[in-house]
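# Fold and contact review
Residue-level listing of the chains:
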Amino acid sequence: MSVAATRRLTTAQALVRFLAAQYTERDGARHRLIAGTWGIFGHGNVAGLGQALVEYREAMPYHQGRNEQAMVHAAVGHARQLNRLSAQAVTTSIGPGATNLVTGAALATVNRLPVLLLPGDYFASHAADPLLQQLEHPVEADVSVNDALRPVSRYFDRITRPEALLASALKAMRVLTDPAETGAVTLALPQDVQAEAYDWPEEFFADRIWRVRRPAPDPAELAEAVQAIRSAARPLIVAGGGVHHSEAEGALRTLVDATGIPVASTQAGKGALRHDHPADLGGIGHTGTAVSDELARTADLVIGVGTRYSDFTTASGTLFQHPDVRFLNLNITAFDAHKLAAGTLVCDARAGLTALAEALPGHRVDAAYETEYRAGKARWEETVEAVFRADDGAVPTQTQVLGALDAVVGDEDVVINAAGSLPGDLHKLWRARSPRQYHLEYGYSCMGYEIPAALGVQQAAPGTPVWALVGDGTYLMNPTEIVTAVQENLPVKLVLVQNHGYASIGGLSESVGAERFGTDYRHRVADGSFTGASLPVDLAANAASLGMDVLRAKTVRELREALTTARAATRPTCVYVETAPARTALPAEAWWDVPVAEVSGREAATGARKAYERAVADRRHHL
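The model shown is predicted, which means the values in this text are computed figures rather than measured ones.

The rules behind each value
Residues numbered from 1 in each chain as written. Predicted model: local features only at pLDDT ≥ 70, side-chain atom pairs only at ≥ 80, totals over all residues. Heavy atoms only, no water. Axes fitted to C-alpha atoms, helices over the stretch in contact; angles between N-to-C directions. Helix = DSSP H or I, 4+ residues; strand = E, 2+ residues; numbered from the N terminus. Parallel < 35°, antiparallel > 145°, perpendicular 65-115°, else oblique. Left-handed = near helix turned anticlockwise from the far one by under 90°. Contact = heavy atoms within 4.5 Å. Nonpolar A, V, L, I, M, F, W, Y, C, P; charged D, E, K, R; others polar. Pairing = 2+ DSSP bridges. Right-handed = clockwise from strand over helix to strand, strands pointing away. Salt bridge = Lys/Arg side-chain N within 4 Å of Asp/Glu carboxyl O. Expected span 1.5 Å × (residues − 1). Buried < 20%, exposed > 50% of the residue type's maximum accessible area, 1.4 Å probe, protein only.

## Digging into the packing of helix α10 (residues 249-259) against helix α14 (residues 349-359)
- Between α10 and α14, the least distance of the axes is 8 Å, while the angle of their chain directions is 20 degrees. Comparing the axis directions of α10 and α14 gives the class roughly parallel. The handedness of the crossing between α10 and α14 comes out as left-handed. From α10, A251, L252, T254 and L255 reach across to α14, where they touch R350, L353, T354, L356 and A357.
- Of the residues in the contact of α10 with α14, the class split is six nonpolar, two polar and one charged.

As structure tokens, this is what we get:
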């Protein structure tokens, strides 16, 4: 009997070699599954994974990060740009390096985006105990800070013996490549096990292809879905991020062209149809357009495609008001498909949309309905033009900043944002020209996502102009990966909007009776409020000190010129603009439930409570 060939490597070396041999395949196109590894080294991973990444640096690209959370954001941006077919790994030391991963892991899992986390851990042998930065638990010796990653990971394992990696690594890859289960995957690596040698079977390092499935709809579910669509007078499609992940934009357009059913989009789904398609109504929900929300209130069939129906999309359960409204959800995840007591098509988005189009020959919505929504779309376009319009010599408002950028970008550009007041303006106003242009992380809406995500997108799409749009609050959260962009010569473009505070939460605070307390970046005054002069910070100088080229724009004309220069730049470039204090954001077209104090001695809160009680009365439970 022949003896199976083996290779003697450390656990860390074996893991790196294994990851370098993993691939995805969908529709005949192959992608490297783990395209690279981000890392910050400390005593918990430097001698293990650090040494392995040096040894196999030609097989596994390494990217040096500055903040552990930011490294996860960069990996998530990379995965989203490549439709979840390629991911990146992130390694950290034990202690604070590991716990800094938690926010990024939550963001990845909430958004159903794959990332592999490889934090260091305590000694499995307990030979040195406690270690530097180790959390001791008095009655559970196998607990470490890495256990904080369990609830935000789709798969978690602690590799306490080298041979345990054989099965766990395969399980980790399965989850990363499963479109219904993907998210953050964590393999916690005790530092002594990382450095321990083992005789690994050569088969472990063979190229392995993980085929990303396109499950077709169940025939019975498809028949029921077709009947629901044929019987609907006012159907509305809600396009979510699953349309993009499945690369189903063409199938959606084919269905819409044939049937005339209009499309509204979530933050993740915007761009599923090009903005100038006659059936594209723009964003839906609390930050949606007037035409989308008007149709949503009167729709008798809501067809959700790849959406998880967040409270922003449903206006906290108050948006879909037709007395006989029904829901039909096409989703690869049964958990999401069954929301709102819907009829279901549990399948791949492209496969499901294609099947619907083929099963609906000759079906089209009533001409009067098409006329109605097209007229609403035209009215909204006039609104967009009005808020984008600006005098060349004026100090721009935030919406006029977006108008200036809209005039500069091409179809291939990618615009990234996640938090603050910009997501609402973008969802209402941005004219998405291509499926990948509109990159809003609004599942977790994490401040500090934008700059590192831009790095990940730029790595995934070299030569593509990539824009990170941030306000001053978000910038102060996490500017450190500017240094990485400079180091790697990634020509990302940063649009830094200075509005002296948390503009979004300031507006929300005012509406719920909290009187904008603690939301402005101003000096404290005698009564304890922050209503003094603006803080004398110079964020443009800060960006320049981190290595960026910085262009300052004071007027609309200067802003357009700076954006044009930045788009052509071949190194990291920041456009800094201080916006006019006038609040020009469009009002919300639908409600959002943020509970208001039931009792208060302040008039602002009591008035807000009355408005809240009127709004919450419209909430429906769709059963």
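Okay, back to it.
## Description of the pairing of strand β22 (residues 549-553)
- As paired elements, β22 and strand β23 (residues 573-578) share five bridges and run parallel to each other. Following the sheet pairing, D549 is matched in β23 by T573.

## With respect to the sheet that holds β23
- Taken in spatial order, the six strands line up as β19-β18-β20-β21-β23-β22 in an open sheet, and their pairing is parallel. Only two strands of the sheet have a single partner each, and these edge strands are β19 (438-440) and β22. Going across the sheet, the axis of each strand differs from the next one's by a mean of 20 degrees, ignoring polarity.
- Across six bridges, strand β21 (residues 493-498) lies against β23 in parallel orientation. From the neighbouring strand, K493 faces β23, where its bridge partner is T573.

## Description of the pairing of strand β8 (residues 155-158)
- Sheet topology places β8 next to strand β9 (residues 184-190); four bridges connect them, and they run parallel. Residue pairing in the sheet places D157 in a bridge with L187 of β9.
- Between the parallel pair β8 and β9, the chain is carried across by helix α6 (residues 164-177), and the sense of this crossover is right-handed.

## Observations concerning the pattern of salt bridges
- Counted by the stated rule, this structure contains 36 salt bridges.
- The salt bridge partner of D27 is R214, with a shortest N-O separation of 2.8 Å. Here R214 lies in the loop between β11 (208-211) and α8 (219-230) and D27 lies in the loop between β2 (22-26) and β3 (29-32), a separation of 187 residues in the sequence.
- One salt-bridge network, held together by shared partners, links E381, E385, D406, R431 and R433.

## Examining the sheet that holds β3
- Spatially, three strands are ordered β3-β2-β11 in an open sheet, and the strand pairing comes out mixed. For this open sheet the edge positions go to β3 and β11, each flanked by a neighbour on one side alone. Ignoring strand direction, the axes of neighbouring strands in this sheet form an average angle of 30 degrees.
- Across four bridges, β2 lies against β11 in parallel orientation. In the sheet register, Y23 faces β11, and the bridge partner there is I209.
- Its contacts with the sheet place α6 against β2 and β11, and it is angled at close to 35 degrees to β11.

## With respect to the packing of helix α11 (residues 290-298) against helix α15 (residues 367-388)
- Contact pair α11 / α15: the axes reach a minimum separation of 8 Å and the direction vectors enclose 150 degrees. Of the possible angle classes, the one that applies to α11 and α15 is roughly antiparallel. Residues A290, V291, E294 and L295 of α11 form the contact with α15, whose own contacting residues are Y369, E372, Y373, G376, K377, R379 and W380.
- The residue inventory of the contact of α11 with α15, partitioned by class, reads six nonpolar, one polar and four charged.

## Some remarks on α6
- Here α6 is 14 residues long and its end C-alpha atoms lie 21 Å apart, about the 20 Å a rise of 1.5 Å per residue gives.
- All of the buried residues in α6 are L165, S168, A169, A172, M173, V175, L176 and T177.

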